[in-house]
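Read off the chains here:
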Amino acid sequence: MSLWVDKYRPKTLSTLSYHDNITQNLRALSKSGDFPHLLVYGPSGAGKKTRIYATLEEIFGPSVEKLKIDVKNFTTASNRKLEFNVLSSPHHLEITPSDMGNNDRVVIQDLLKDVASTEQVDFGNQSSRKHRFKVVVINEADSLSRDAQAALRRTMEKYSSNIRLILVCNSISNIIAPIKSRTLLVRIPAPSVEDISRILSHVAEHENIKFSSSDEHAVAQFYKQVATTSERNLRRSLLAFETISMQNETINVKHIHSVIVLDWETIIKNMAKSISTQRNVPNLARLRTTSYELLSHCIPARTILKKLVMELVSMFMTRGDLVKEIVQIGSVFDERLSLGTKSIFHLEGFVAKTMVAIDAQS
């Protein structure tokens, strides 16, 4: 039994239900004989990967859904052995090199060179004869090191006849200019509240969800509430809707449902309150421990930093100068996170700097 977010995920471009202009452009690209490298970016939960897989289905057919996980072995310059998981189909590979930290350059160079050195042949598929290349989807491209991005640029130039790269990221601010210039940038905006409401209504109809009221306006308001509290993140909206339906046999649309807040978000909110009220060394040590726990539970350091900055900004909204300084400090440590390796140092540095800034303006 799959989650609704997977069960109702569109598989083809024709079943996508919003951003029709982007869908039409992707369909035109897939039918053209010159499919370019793509850089697909946009907020989390906007549908980037869904559109990518729908485009691959348009190019190669349903065989892109025949996925398997391979384990690749790499050796670094210091003879260290690395194991790396690759999700693949007969026509594409999906990788997340940033999982390897500073060794992402080794993965980029060796894996892409290996893929590009073999030409794709499929005599049973007419589309494969037209598109005789293999697609490599690179997740979290904005987290790649500068060395890895440089290696990626050289690979794009050297092996463009055999492979096409699709880079996926939330923001292009950390992507080097040579890669941007060699790719077609495709921005996927977050779906509107109305788009999410329409999708939730479609899911409710197929799942026979019962509501306490037959008033369509009240039900529509409930959908809008879920979409708004999920910050227009479609994935999160569907997960929240499924959670509410599992907890309530009949959903009371007139009752304002409490926002489903993730545990780590609550922890970061408490961290922000602690920073504003207890600006001392013992509290700095406690917050360091909290940051360690978040990192150990696979919450990305940059996500922690961004959420912490937003919480602090909302707390000090009436103090313009302080808000400006907090954002400035956050931007400095965001850059350091992208360049450094020890995330905990930069998170702790941000907390300490922010405490000093608040004290200075108190």
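Our structure is the block above this text.
Below: a short report on this structure. On a predicted model such as this, the values are computed, not experimentally measured, just so you know.

### Topic: the sheet that holds strand 4 (residues 92-95)
The strand order 2-3-4-5-6-1-7 describes an open sheet built from seven strands, whose pairing is mixed. In the strand order of this sheet, the two ends are held by strand 2 (68-75) and strand 7 (184-187), each with one partner. Neighbour to neighbour, the strand axes of the sheet diverge by 25° on average, direction disregarded. Together, strand 2, strand 3 (81-88), strand 4, strand 5 (134-138) and strand 6 (163-169) form the strand contacts of helix 4 (residues 104-116), whose direction differs from that of strand 2 by roughly 120°.

### Concerning the pattern of salt bridges
By the definition in use, this model includes 10 salt bridges. Arg236 is the salt-bridge partner of Glu265, the closest N and O atoms lying 2.9 Å from each other. With a gap of 29 residues between them, Glu265 in helix 11 (residues 263-277) and Arg236 in helix 10 (residues 234-247) connect regions that are remote in the sequence. Summarising the burial analysis for this pair, Glu265 and Arg236 share the class buried.

### Observations concerning the packing of aromatic side chains
If you walk through the whole model with that rule in mind, you get nine aromatic pairs. Note on Trp4 and Phe241: the rings are 5.6 Å apart at their centroids and 65° apart in plane angle, and the pair reads as edge-to-face. Here Trp4 is found in helix 1 (residues 4-7), whereas its partner Phe241 is found in helix 10, with 237 residues between them in sequence. Each member of the pair Trp4 and Phe241 is classed as buried. On the numbers, 6.5 Å between centres and 75° between planes, the contact of Phe333 with Phe350 is edge-to-face. One end of the pair, Phe333, is in helix 14 (residues 320-339); the other, Phe350, is in helix 15 (residues 343-360), and 17 residues separate them in sequence. The residues Phe333 and Phe350 share a single accessibility class, namely buried.

### Considerations on the environment of Ser63
Looking at the element boundaries, Ser63 is found in the loop between helix 3 (48-60) and strand 2. When its relative accessible area of 15% is taken as the criterion, Ser63 is described as buried. A C-alpha to C-alpha distance of 29 Å links Ser63 and Asp104, two positions 41 residues apart in sequence. Ignoring any residue separated from it by four or fewer positions in sequence, one finds Ser63 in contact with Ser89, Pro90 and His91. A distance of 2.9 Å separates polar atoms of two side chains, one belonging to Ser63 and the other to His91.

### Looking at helix 13 (residues 301-315)
Look at helix 13: 21 Å from first C-alpha to last across 15 residues, which is about the 21 Å you get at 1.5 Å a residue. For helix 13, every residue scored as buried is listed here: Ala301, Ile304, Leu305, Lys307, Leu308, Val309, Glu311, Leu312 and Val313. On the buried face of helix 13, the contacting elements are helix 11, helix 12 (281-296), helix 14 and helix 15.

The rules we used
Residues numbered from 1 in each chain as written. Predicted model: local features only at pLDDT ≥ 70, side-chain atom pairs only at ≥ 80, totals over all residues. Heavy atoms only, no water. Pairing = 2+ DSSP bridges. Helix = DSSP H or I, 4+ residues; strand = E, 2+ residues; numbered from the N terminus. Axes fitted to C-alpha atoms, helices over the stretch in contact; angles between N-to-C directions. Contact = heavy atoms within 4.5 Å. Salt bridge = Lys/Arg side-chain N within 4 Å of Asp/Glu carboxyl O. Buried < 20%, exposed > 50% of the residue type's maximum accessible area, 1.4 Å probe, protein only. Phe/Tyr/Trp six-rings, centres within 6.5 Å; stacked < 30°, edge-to-face > 60°. Polar contact = N/O pair within 3.5 Å; in protein donor to acceptor, adjacent residues only side chain to side chain. Expected span 1.5 Å × (residues − 1).

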